[in-house]
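# Fold and geometry: a report
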Amino acid sequence: MTAVTEVSPRVRRRAPRKKWTPGQIVLTAIGVLVSGVFTAPFVWAVFTSLKSETEAVAVPTHWVPKEWTIQAWQAIFETGNITNWFVNSVVVSVCVTFVVVLVGALAGYGFARTDFRGKNALLGLVMAGLMVSPAVLGVPLFTTVQSMGMVDTYWGMILPQCAPAAMVYILYKFFQGIPKELEEAAFIDGAGRWRVFFTIVLPLSRPSLAAVGIFTFIASWNNFLWPYMVTNNPDLMTMPNGIATVMNSYGIQWAQLMAGGLMAGLPLIIVFVFFQRQIVSGVAHTGLAGQ
């Protein structure tokens, strides 16, 4: 009898890596260069915030601090009202985002799924808002807010930012792509329009609603002009407005300004890092990716 020997399992060999083509090398180099251009201001702000005020304005300039210090970060918390500015920005941005998502979803669904007299004219009027710069509307909006007694109030900062023409259009295009058969089946089962909207349409619209919410939050957080126009009370300043006041009799304090800018940008960085998938998915679902 012949002895049967067990054959050891074969070791999987890794496939040899393909050599990079000249095209891949060029594209990678361009990508690294572009990334460096976009990252350089952030790195400069971090290094400048860790310098003393004297070193921050020294000529010639240099990137890496000679003496590392957190004096600017301490000063921004001690002399500035950055905690209050941060809370104000959170309140205003969250409220604006909630109202814009709610109004945009209702208006977009109404234009996409209901027929009423003057629908096309009203939709055209809403879309005309995309062609008007917010800066042009600053004076009439301020006059309106002033006549309503909402200057130096949260409502005065929030309500004028809740006219979401672009967000209505984004959700309108998305709702048009939802199959009508889903809603018709629900209507046959006895569901009403509101129940269909909240139980069928909104759950299917989560990617687009997330994208609209994120875009609105970022725009509201970065808004400088309108809060600056409607607010004179230092206790109601938002982060962009408060950081603009970081100066003394000797001029702008650059190290403190960089520290405050990093504090203001931190929530946006967190939003992008944790919700970048929703941003990409939302843009892909809006129908705007190829336009």
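What counts, and at which threshold
Residues numbered from 1 in each chain as written. Predicted model: local features only at pLDDT ≥ 70, side-chain atom pairs only at ≥ 80, totals over all residues. Heavy atoms only, no water. Helix = DSSP H or I, 4+ residues; strand = E, 2+ residues; numbered from the N terminus. Buried < 20%, exposed > 50% of the residue type's maximum accessible area, 1.4 Å probe, protein only. Contact = heavy atoms within 4.5 Å. pLDDT = per-residue confidence, 0-100. Disulfide = S-S within 2.5 Å. Phe/Tyr/Trp six-rings, centres within 6.5 Å; stacked < 30°, edge-to-face > 60°. Lys NZ or Arg CZ within 6 Å of the ring centre and 35° of its normal. Axes fitted to C-alpha atoms, helices over the stretch in contact; angles between N-to-C directions. Parallel < 35°, antiparallel > 145°, perpendicular 65-115°, else oblique. Nonpolar A, V, L, I, M, F, W, Y, C, P; charged D, E, K, R; others polar. Core = buried A, V, L, I, M, F, W, Y, C linked by side-chain atoms within 4.5 Å. Left-handed = near helix turned anticlockwise from the far one by under 90°. Lys, Arg positive; Asp, Glu negative; His and termini not counted. Salt bridge = Lys/Arg side-chain N within 4 Å of Asp/Glu carboxyl O. Polar contact = N/O pair within 3.5 Å; in protein donor to acceptor, adjacent residues only side chain to side chain.

### A short note on the overall build of the chain
A count of helical and extended segments in the chain gives 14 helices and 2 strands. Residues classed as buried in the chain amount to 33% of the 291 residues present. Residue pairs in contact within the chain that sit at least 24 positions apart in sequence constitute 72% of those at least 6 positions apart.

### Comments concerning the confidence of the model for the chain
Looking at the chain as a whole, its pLDDT mean stands at 82, while 88% of the residues score no less than 70. Across residues 287-291 the pLDDT falls below 50, and counting only partners more than four positions away or on other chains, this stretch makes 7 contacts in the model.

### Here's the deal with the environment of Val271
Relative to the assigned elements, Val271 resides in helix H14 (residues 254-286). Sequence separation between Val271 and Ile218 is 53 residues; the distance between their C-alpha atoms is 8.6 Å. Non-local contacts of Val271, meaning those with residues more than four positions away in its chain, are made with Ile214, Phe217 and Gln276.

### Thoughts on the state of the cysteines
Per the stated rule, a full pass over the model turns up 0 disulfides. Not part of a disulfide, Cys162 finds its nearest cysteine sulfur in Cys95, a span of 8.4 Å. Among the residues examined, Cys162 registers a relative accessible area of 13% and is labelled buried.

### Here's the deal with the packing of aromatic side chains
Tallied over the entire structure, the rule returns 11 aromatic pairs. The interplanar angle of 90° and the centroid separation of 5.8 Å between the aromatic rings of Tyr109 and Phe175 together place this pair among those described as edge-to-face. You can see Tyr109 sitting in helix H4 (residues 82-113) and its partner Phe175 sitting in helix H8 (residues 165-176), a full 66 residues away along the chain. A ring pair is formed by Trp194 and Phe198, whose centres lie 6.0 Å apart and whose planes are at 20°; its orientation type is stacked. Separated by 4 residues within a single helix, Trp194 and Phe198 lie in helix H10 (residues 193-204), roughly one turn from each other. In this structure, Lys51 packs its charged tip against the face of Trp44, placed 4.8 Å from the ring centre.

### Observations regarding the packing of helix H5 (residues 119-128) against H8
Relative to each other, H5 and H8 sit at 125°, their axes nearing to 8 Å. Relative to H8, the element H5 lies oblique. Contacts between H5 and H8 involve Leu123, Val126 and Met127 on the former and, on the latter, Ala165, Val168, Tyr169 and Tyr172. Class assignment for the residues of the contact of H5 with H8 results in 7 nonpolar, no polar and no charged.

### Describing the nonpolar core
Of all hydrophobic cores here, the largest spans 34 residues; its most connected members are Phe175, Val201 and Val212. Elements with a contribution of two residues or more to this core: H4, H5, helix H7 (154-158), H8, H10, helix H11 (206-222) and helix H12 (225-230). Looking at which element gives the most residues to this core, the answer is H4, with 8 residues. Other than its neighbours up to four places away in sequence, Phe175 contacts Ala105, Gly108, Tyr109, Ala112, Arg113, Val201 and Ser205. Of all hydrophobic cores here, the second largest spans 13 residues; its members include Ile82, Met237, Leu268 and Val271.

### Quick word on the packing of H4 against H8
Running from amino to carboxyl end, H4 crosses H8 at an angle of 45°, the nearest separation of the two axes being 8 Å. Considering the angle they form, H4 stands oblique to H8. In terms of crossing hand, the pair formed by H4 and H8 is right-handed. Within the contact between the two elements, H4 uses Val100, Val101, Gly104, Ala105, Ala107, Gly108, Tyr109, Phe111, Ala112 and Arg113 and H8 uses Met167, Val168, Leu171, Tyr172, Phe175 and Gln176. Across the contact of H4 with H8, the residue classes break down as 12 nonpolar, 3 polar and 1 charged.

### Quick notes on the side chain of Lys51
Its place among the elements puts Lys51 in the loop between helix H1 (22-49) and helix H2 (53-56). With no salt bridge to any partner, buried Lys51 finds its closest opposite charge in Glu55, at an N-O distance of 5.4 Å.

### Some details on the side chain of Ser49
Mapping Ser49 onto the fold places it in helix H1. Overall, the relative accessible area of 1% leaves Ser49 in the buried class. Engagement of the side chain of Ser49 in a polar contact is seen with the side chain of Trp73, the distance being 3.3 Å. For Ser49, the contacting residues outside a window of four places in its chain are Thr69, Ala72, Trp73, Ala255, Met258, Ala259 and Leu262.

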